[in-house]
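# A look at the structure
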Amino acid sequence: TDETYEWILYDDGGLHEPLAVLDPENVVIVSSISKTARATGWRIGWVVASASRTQRIRAVHDQLVACVATPLQIGVARLLEMDKARFTDIWEEYRLKRNVLGRALEAAGFDLGPEPKGAYYWFVGYK
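What comes next concerns the included structure.

### What to know about the packing of aromatic side chains
- Enumeration over the complete set of coordinates arrives at 1 aromatic pair.
- Taking the centre distance of 4.8 Å and the plane angle of 45° together, the rings of Phe110 and Tyr126 count as tilted. With Phe110 in the segment after α3 (88-107) and Tyr126 in the segment after α3, the pair connects residues that are 16 residues apart, well separated along the chain.

### A short note on the nonpolar core
- Of all hydrophobic cores here, the largest spans 14 residues; its most connected members are Ile8, Ile33, Phe87, Trp91 and Tyr94.
- When residues of this core are traced back to their parent elements, those giving at least two are α2 (70-81) and α3.
- Ranked by residues supplied to this core, first place goes to α3 with 3 residues.

### A word on the environment of Ala39
- With respect to the element layout, Ala39 can be found in the loop between β1 (29-32) and β2 (45-48).
- Taking the C-alpha atoms as reference, Ala39 lies 9.3 Å from Val76; in sequence the two are 37 residues apart.
- If sequence neighbours within four positions are ignored, Ala39 has contacts with Ile33 and Ser34.

### A word on helix α1 (residues 51-64)
- Taking 1.5 Å per residue, 14 residues should reach 20 Å; α1 reaches 20 Å between its end C-alpha atoms and fits that length.
- With respect to burial, α1 is a largely exposed element, only 0 of its 14 residues being buried.

### Points about the side chain of Ser31
- With respect to the element layout, Ser31 can be found in strand β1.
- With residues near it in sequence (within four places) discarded, Ser31 still touches Glu3, Thr4, Glu6, Gly45 and Trp46.

Definitions and cut-offs
- Residues numbered from 1 in each chain as written.
- Predicted model: local features only at pLDDT ≥ 70, side-chain atom pairs only at ≥ 80, totals over all residues.
- Heavy atoms only, no water.
- Phe/Tyr/Trp six-rings, centres within 6.5 Å; stacked < 30°, edge-to-face > 60°.
- Helix = DSSP H or I, 4+ residues; strand = E, 2+ residues; numbered from the N terminus.
- Core = buried A, V, L, I, M, F, W, Y, C linked by side-chain atoms within 4.5 Å.
- Buried < 20%, exposed > 50% of the residue type's maximum accessible area, 1.4 Å probe, protein only.
- Contact = heavy atoms within 4.5 Å.
- Expected span 1.5 Å × (residues − 1).

Structural measurements only, silent on function.
Structure, rendered in structure tokens:
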């Protein structure tokens, strides 16, 4: 599952529950710091998987990914150790942008459908 957006929840009380809780042996979680901390250029991510899947994932990873600069890896590790409240301002900014986009889409004649509760996506209709 792509969990890149797991911490971007727009409304109070929101809770993200990863698919891996339903089937931890077979679900592979892929995530990154890109969206959570607005570090899109850093291209640092991680995979969480059961031990039975790790060897095959590493074999593919070794052929596809170049090394990330050590200072960026250290920076991300420290960022992930911080209190999640550190990200509150970022998430509030995302929520405000979602609201502005919604008003603009509605004014342009789009059918908004359900309002997104997280991530970057809003599936709209237009007639």
